[in-house]
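Fold and contact review
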Amino acid sequence: MFTATKGKALLTTTTGALPRPSWYTENLRGAPLSTGFAHRSYREQHFDCLSCHVASQHRAGIDIMVDGDTRLDDDVAGRAWVSYVYERIAGVGAPRVQVQPSAAMRDRGPGDFIWEVIETRMTPHVERAIGETSLQLDRAWKAIAPMTDRPVKIGSASAQVLVHMIANSHYRDQIAFLDALSDAFNREYHALADAGAPIVQVEEPGIHQNIHVPNAPISPAQYVAAFNREVKGLRAKTEVWCHTCWGSPGAQKMYAADVSYEKALPWLDQLDADVLTFEAATNGGKDIPLIGKAIGKDKKIAIGVISHRTLQVERPEEVAAMIRLCLQSIEPERLILTSDCGFGRQSMSRMHAFYKMVSLVRGTNMVRRELGLPEAPIPATDANLSMVPLAR
Amino acid sequence: MISKDKKVAVGVISHRTLQVERPEDVAALIRRCLKVIEPERLILTSDCGFGRKSMSRMHAFYKMVSMVRGTYIVRRKMGLEEVPIPATDPALSMVPLAR
Ligand SMILES: [Zn+2]
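Looking now at the overall build of chain B. Looking only at helices and strands, one finds 2 helices and 2 strands in chain B. Each principal axis of the C-alpha atoms in chain B carries an extent, and together these give about 50 × 40 × 15 Å. Contacts spanning at least 24 positions in sequence make up 68% of the contacts within chain B whose residues lie at least 6 apart. Accessible surface, chain B as shown: approximately 6,400 Å² in total, 59% of it carbon and sulfur. Here chain B carries 18 positive and 10 negative side-chain charges, and the mean point of each set is 5 Å from the other.

Structure (structure tokens):
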């Protein structure tokens with residue numbers, strides 16, 4: 001159900017990950033989040049990091065805040081996005097030196113950025129039935145919730161991502177493995193929703209990344225069924241977001257060549273979610289008309305108008321132009337503006353991420369003005385707070 | 001425009017992007033250069049430096065690798081010398097290669 005975005009037009013948010021402050025040196029290294037929170041130094045750094053993320057999103061005028069994936073370790077190219085999950089699932093063994101069972105690895109080798117990601121990622125095996133999980137997403141939410149009046153979105157790598165990151169030496173096939181993981185994740189999301197989180201973001205379905213893969217072991221229809229199993233019952237409690245993008249370890253695409261959502265859209269439309277997010281800034285919004293046409297009116301659409309793959313900060317005018325393109329096929333009440341993917345995972349600096357957020361809101365404000373919608377105050381643009389005299 | 005007494009170093013790798021350029025993209029850009037610049041006068045480089053609070057060391061490294069790989073695609077076609085790139089040595093992979 002719609003909660004945070006209900007009846008609101010042109011809200012702004014980002015995906016989830018934010019660059020870690022350099023002083024945030026503590027890491028969970030496999031420990032439960034609750035154990036980290038019991039250690040004085042970890043607790044201090046984690047909570048202070050959340051405060052920084054809240055302050056920077058507030059200064060940028062962002063409507064729906066993220067927690068920056070603050071629980072994730074400082075690993076190579078954002079390894080912890082997946083390892084945080086597989087280190088906390090009963091039934092999954094220790095990581096081994098092995099290439100993960102993902103089709104995106106097929107044409108990669110030494111000399112590729114992604115190959116070093118693979119070398120450092122380590123692949124665990126599922127050794128017995130998937131049992132208890134300890135993602136503690138509810139705890140992640142409770143840590144940041146009291147810091148702001150704005151809605152906060154908490155997300156996690158999905159069962160569909162994990163099925164490509166864990167070698168299966170227990171279940172009879174990939175579907176059985178995916179189903180077991182989906183049920184385990186469902187319990188975690190319910191705990192998060194029951195804690196009062198207004199938005200739960202599932203990152204991400206396997207559909208768009210695998211629909212181009214010949215002889216994929218899981219079909220689009222099977223991904224849809226498993227995703228809906230993963231989020232079963234959730235929309236009765238909270239707003240469910242489904243994030244999609246073309247990859248983000250170190251801001252790299254998993255498939256180097258240009259790809260399109262076109263074939264995946266009819267399947268994505270069947271997902272049991274309130275909001276679907278799409279990477280669009282990366283190719284100038286080429287897929288936006290297709291997305292607007294294919295996605296049903298019961299869903300809101302969050303379009304990436306800021307790239308996580310570039311360092312040049314987008315000009316507000318460029319952002320506004322992209323939003324106007326969205327509005328040709330998506331109603332303002334159904335349109336949310338976001339980044340293509342998260343800004344963390346060993347990509348840009350905090351300063352880049354911050355000004356990209358500011359630009360996102362400035363561009364959105366330009367369009368809000370045109371539509372007669374209220375603009376979001378952006379403290380970062382307050383001329384009175386300039387540290388150098390302004391030329392008038 | 002630039003006269004023959006000067007060599008020209010063209011940026012075929014961007015310091016403003018995080019997505020590492022594919023060697024094929026680098027090679028395509030070099031071929032465009034060769035339409036107007038003789039190989040002896042052409043040097044391949046990055047648009048600007050990789051430091052100054054921009055990308056990580058890992059990004060800068062693979063951008064350098066990609067630049068050399070792309071250059072070798074063109075050198076190979078022209079029968080020019082190729083030097084092995086240690087970073088692409090399969091024997092040094094830290095994970096087993098599927099072959
Ligand atoms: Zn993403």
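And the narrative resumes.
The subject of this paragraph is the coordination of the zinc ion. Residues and elements named next belong to chain A. All of the protein donors around the zinc ion are His243 (NE2), Cys245 (SG) and Cys341 (SG); their distances to the metal are 2.1 to 2.3 Å. Each donor residue of the zinc ion belongs to the same chain, and together they define the spacing H-x1-C-x95-C. Residue cysteine 245 is located in the loop between strand S7 (239-243) and helix H10 (265-268), and its partner cysteine 341 is located in the loop between strand S10 (335-339) and helix H13 (350-371); the two are separated by 96 residues in the primary sequence. Each member of the pair cysteine 245 and cysteine 341 is classed as buried.

Turning our eyes to something else, we now look at the pattern of salt bridges. Under the definition given, this model contains 27 salt bridges over all chains. A salt bridge links arginine 69 of chain B to aspartate 112 of chain A; its shortest N-O distance comes to 2.8 Å. Here aspartate 112 of chain A lies in the loop between helix H3 (80-86) and helix H4 (113-121) and arginine 69 of chain B lies in helix H2 (residues 57-78), a pairing that spans two chains. Exposure remark for arginine 69 of chain B: the relative accessible area of 22% places this residue in the partly exposed category. The partner of aspartate 179 of chain A in a salt bridge is arginine 229 of chain A, and the shortest N-O contact between them spans 3.4 Å.

How each quantity is defined
- Residues numbered from 1 in each chain as written.
- Chains lettered and ligands numbered in written order.
- Predicted model: local features only at pLDDT ≥ 70, side-chain atom pairs only at ≥ 80, totals over all residues.
- Heavy atoms only, no water.
- Helix = DSSP H or I, 4+ residues; strand = E, 2+ residues; numbered from the N terminus.
- Contact = heavy atoms within 4.5 Å.
- Areas by Shrake-Rupley, 256 points an atom, 1.4 Å probe, with all protein chains shown as cover.
- Lys, Arg positive; Asp, Glu negative; His and termini not counted.
- Charge placed at Lys NZ, Arg CZ, Asp CG, Glu CD.
- Donors = N, O, S within 2.8 Å, 3.2 Å for Na, K, Ca; no water.
- Buried < 20%, exposed > 50% of the residue type's maximum accessible area, 1.4 Å probe, protein only.
- Salt bridge = Lys/Arg side-chain N within 4 Å of Asp/Glu carboxyl O.

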